[in-house]
Amino acid sequence: MIPLRVAFYVLFVVLGAIILVRMLAYGVRMETLTGIVLGGLLIALGVYRLTQVFRIGASRR
Amino acid sequence: MSSDNPQLRRAVTPWGSFSWGYSDVGADIFIGLGLVLAYAAGASNFAFLFAGLVYVCIGLAYTELAAAYPVAGGGQYFVLRGLGDFFGFVAGWAILLDFTIDITLFAWSSVDYLSQLLPPLLASIHPWTHFTFVLGLIGLLCALNVIGVRESTAFQGTVAAVDVLSETLILCFGFLFAFQPQILIHTMHTAWPSTFALMQGTSLAIISFVGLESISQAAQETQRPASVIPRTSVVLIITILIYAVGYSNLALGMQLWHPLHDVHGHAMAFWQLFPGNGDNQGKGIALLSAQVPYYGAIAQYYVPILGAILLLISANSGVFGSSRIAYSMSTSKLLPSVFQRIHARFRTPAVSIFTFCGLAAAVLIFAALPQLDHGARAAYDRFFHGEDGVTFLGDLYAFGAATSYSFVFIALIALRLADPMTPRKFKIPFNIPMRFRGERVEFPIVAVIGFIGIFSILIFTLITHDIGRIAGPAWVIVGIALYFLYRRGKRLPLFRSQAHDWRSAQTHILRNAGELELMDEYHANLKASDERRRAAQP
């Protein structure tokens, strides 16, 4: 299960980064704000979950 | 609260706790997307972001309270404890409205999703068939709950897992192959709504985030809830927010896989499918998933079924939740004892289940009338600006949620001041340390921000929704009148509270939750506080 979870949350981080880069290409403005927030949230959740998964994995070892 | 009473078994795992909440709150976006696109059009992503930020505050408040007071009563219990019997009743009554509407709205939308694959179920073309199916689903859920059949945690967990994976794949394919930032910017420029429509859309966006009662429900059945609930809740809150903001951005900024045309052959944007079209409003995610390149080829067939199942689970949680809240309010002497009556054979709160399913059926009739009868259609057009069934249900849902959540924020502030002794393993960040009645307390800034946000959504609902403006407050007023009648009959105080022994109750709650360290910490805090008080006395 752990490799699946890692892959899933890496997907979140990658998707978040892609959205963030594409939105930032149009600058920080009102129209891009929700996209920038979305990208940030995806990266934040992905990183948070990956940290948890790795911590659990380390404690099991 | 006697230890002789049978207790719920604490066997829910962290994933079980997440999937429980997800099945409840995660289903909301299946309804919310279409409704919000219909009103907020080019500003739908902003409507979702605003409501989403308010929801993050609400979610954090529920997480703190559910971890500190892990009982199933949820918002109603927190308000009862923080603000007393009267406000506890008002909050509980608003939650009961939400659960009742939840039954009708989610059963209705479940049939809407099925209609994507089975056109004879379309409400606009076959209104009687649609009505009969929704009524049948309410009857079925009522019967299943009286018999005592609940979907198993394993089934709920599987549906949640499939849905999380499915929604993520739709977002991935959508953002990688269809999303164009310039289309989003163009749509936001050309389809920005009026202020009135934006308020309408924002008030409907909050329905995408309703169901946080499930966090408390899960807390009652989770082992070591003070540790598990904060962890799962934070992930749940952010996941739901990502889907809401993600879908709304995708809906406004995607290059359609199958171009859409209106009856005159003009090209249409995706969001234009929703204004004035009740059929589409109830199945936004099914329509969106079909427009996602490549993945849409499969998604268009299974997403309507997945949506229908998830919505049905959520409708079932409305039946379950309303009967349990009514039971809990009845044991606290806020509602008559008839709601505690247990079915002799099935050992379920049958009276509560029948009452709220009956009310849900009555609401369904009111919501479906304009489709079923031309005379009613004319009356609705005249008095309610032609609001259709699903919008009417959305109005009331938003009203109930905004009312109960407003009280929960006030209760959080009151409990931080009045009950600083209860250990809080999770605390909302950004607090102001201060002294209150000789004790060190922390005043929660986020609760104030959240209250302003949810109260503004309540005001938006009252200003912009013709039916919600009348039916919502009417529900509260009728409830208060019944409360006064009941309390007078029982010779209980009307506005003041009965005597409660919260210290014993809290000890019992923590012991029952297996939080023995927290219970010891609670006792030590109480002892220190009592000694401080004694020392301060002349």
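Residues numbered from 1 in each chain as written. Chains lettered and ligands numbered in written order. Predicted model: local features only at pLDDT ≥ 70, side-chain atom pairs only at ≥ 80, totals over all residues. Heavy atoms only, no water.

*Asks:* Please set out the packing of aromatic side chains residue by residue, giving values where relevant.
*Replies:* Residue and element names in this part refer to chain B. According to the stated counting rule, one finds 34 aromatic pairs over all chains in the structure shown. Between tryptophan 128 and phenylalanine 131 the ring centres are 5.8 Å apart and the planes differ by 85 degrees, which places this aromatic pair in the edge-to-face class. Pair noted here: tryptophan 128 and phenylalanine 131 are both in helix H6 (residues 127-147), with a separation of three residues, about one helical turn. Classification of tryptophan 128 as exposed rests on a relative accessible area of 53%. Relative to tyrosine 295, the ring of phenylalanine 173 has its centre 5.3 Å away and its plane inclined at 20 degrees; by these criteria the two rings are stacked. One end of the pair, phenylalanine 173, is in helix H7 (residues 153-177); the other, tyrosine 295, is in the loop between helix H13 (284-290) and helix H14 (296-331), with 122 residues separating them in the sequence. Assessed through its relative accessible area of 12%, tyrosine 295 is described here as buried. Within the aromatic cluster, the residues linked to one another by ring pairs are Phe86, Phe87, Phe89, Trp93, Phe407, Trp475, Tyr483, Phe484 and Phe495. (Phe/Tyr/Trp six-rings, centres within 6.5 Å; stacked < 30°, edge-to-face > 60°. Helix = DSSP H or I, 4+ residues; strand = E, 2+ residues; numbered from the N terminus. Buried < 20%, exposed > 50% of the residue type's maximum accessible area, 1.4 Å probe, protein only.)

*Asks:* Quick one: what's the story with the pattern of salt bridges, residue by residue and with numbers?
*Replies:* All names here are of chain B. Throughout the structure, instances matching the rule amount to 10 salt bridges over all chains. Between glutamate 64 and arginine 424 there is a salt bridge whose closest N-O contact spans 3.2 Å. Placement of glutamate 64 in helix H3 (residues 44-68) and of arginine 424 in the loop between helix H17 (389-418) and strand S3 (431-436) is noted, with a sequence separation of 360 residues between them. Of the two residues examined, glutamate 64 and arginine 424, each falls in the buried class. Glutamate 442 is paired through a salt bridge with lysine 427; the nearest N and O atoms lie 2.5 Å apart. Placement of the pair is glutamate 442 in strand S4 (residues 439-444) and lysine 427 in the loop between H17 and S3, with a sequence separation of 15 residues. Under the relative-accessibility criterion, glutamate 442 is labelled partly exposed at 26%. Connected via shared salt-bridge partners are Glu64, Arg416 and Arg424. (Salt bridge = Lys/Arg side-chain N within 4 Å of Asp/Glu carboxyl O.)

*Asks:* Any chance you could break down the interface of chain A and chain B for me, citing the residues and the numbers?
*Replies:* On the side of chain B, 29 residues touch chain A, which itself brings 24 residues to the contact. When residues of chain A are sorted by the area they lose upon contact with chain B, Arg22, Glu31 and Thr34 of chain A head the list and together hold 24% of the total. Summed over the shared surface of chain A and chain B, the number is zero salt bridges. Where chain A meets chain B, there are six residue pairs in polar contact (both at pLDDT 80 or more). Partitioned by chemical class, the residues of the side of chain A that touches chain B number 16 nonpolar, four polar and four charged. (Contact = heavy atoms within 4.5 Å. Buried area = accessible area lost by both parts, 1.4 Å probe. Polar contact = N/O pair within 3.5 Å; in protein donor to acceptor, adjacent residues only side chain to side chain. Nonpolar A, V, L, I, M, F, W, Y, C, P; charged D, E, K, R; others polar.)

*Asks:* Can you tell me about the domain arrangement of chain B, naming the residues and giving the values?
*Replies:* Residues and elements named next belong to chain B. Domains assigned within chain B are domain 1 (41-500) and domain 2 (507-538). Here domain 1 and domain 2 have C-alpha centroids that lie 36 Å from each other. Contacts between the two partners involve 17 residues from domain 1 and, on the opposite side, 14 residues from domain 2. Together, the buried faces of domain 1 and domain 2 total about 1200 Å²; carbon and sulfur atoms form 57% of this surface. The largest share of the area that domain 1 buries against domain 2 comes from Arg224, Met421 and Pro423, three residues that together contribute 46% of it. Between domain 1 and domain 2 we count two salt bridges in total. One salt bridge connects arginine 533 with glutamate 439, and the closest N-O pair in it is separated by 4.0 Å. Taken together, the links from domain 1 to domain 2 amount to three residue pairs in polar contact (both at pLDDT 80 or more). (Domains from an automatic or database assignment.)

*Asks:* How would you sum up the environment of asparagine 277 of chain B? Please name residues and give values.
*Replies:* All names here are of chain B. Mapped onto the secondary structure, asparagine 277 falls in the loop between strand S2 (267-268) and helix H12 (278-281). When its relative accessible area of 26% is taken as the criterion, asparagine 277 is described as partly exposed. Along the sequence, asparagine 277 and phenylalanine 356 sit 79 residues apart, while their C-alpha atoms lie 29 Å from each other.

*Asks:* So what's going on with the nonpolar core? Residues and values would help.
*Replies:* Leu96, Ile242, Tyr247 and Phe270 of chain B are the most contacted members of the largest nonpolar core, which has 178 residues in total. The element best represented in this core is H17 of chain B, accounting for 18 residues. Among all residues touching isoleucine 242 of chain B, those that are not within four sequence positions of it are Phe12, Leu38, Leu41, Leu42 and Leu45 of chain A together with Leu171 of chain B. Residues Ala226, Leu510, Leu518 and Tyr522 of chain B belong to the second largest nonpolar core, which totals seven residues. (Core = buried A, V, L, I, M, F, W, Y, C linked by side-chain atoms within 4.5 Å.)

*Asks:* Any details on a nonpolar patch on the surface? Residues and values, ideally.
*Replies:* Among the surface-exposed residues, Val10, Val14 and Ile18 of chain A together with Leu176, Phe177, Trp257 and Tyr294 of chain B lie close enough to one another that they form a single nonpolar patch of about 620 Å² accessible area. Sorting the residues of the nonpolar patch by element identifies helix H1 (2-24) of chain A together with H7 of chain B as the ones contributing at least two each. Top contributing element to the nonpolar patch by residue count: H1 of chain A, with three residues. Its location among the elements puts phenylalanine 177 of chain B in helix H7. Note on phenylalanine 177 of chain B: relative accessible area 45%, which makes it partly exposed. (Patch = residues over 30% accessible without salt bridge, like charges linked within 9 Å, V, L, I, M, F, W, Y side chains within 5 Å. Areas by Shrake-Rupley, 256 points an atom, 1.4 Å probe, with all protein chains shown as cover.)

*Asks:* Residues and numbers for helix H2 (residues 28-40) of chain B, please.
*Replies:* Three- or four-residue spacings in an α-helix give side chains the same orientation, since the helix completes a turn every 3.6 residues. All names here are of chain B. For H2, with 13 residues, the first-to-last C-alpha span of 17 Å sits near the 18 Å given by 1.5 Å per residue. Buried residues dominate H2, accounting for 13 of its 13 residues. Where H2 terminates, the next one or two residues include alanine 41, which has phi positive at roughly 40 degrees. (Expected span 1.5 Å × (residues − 1).)

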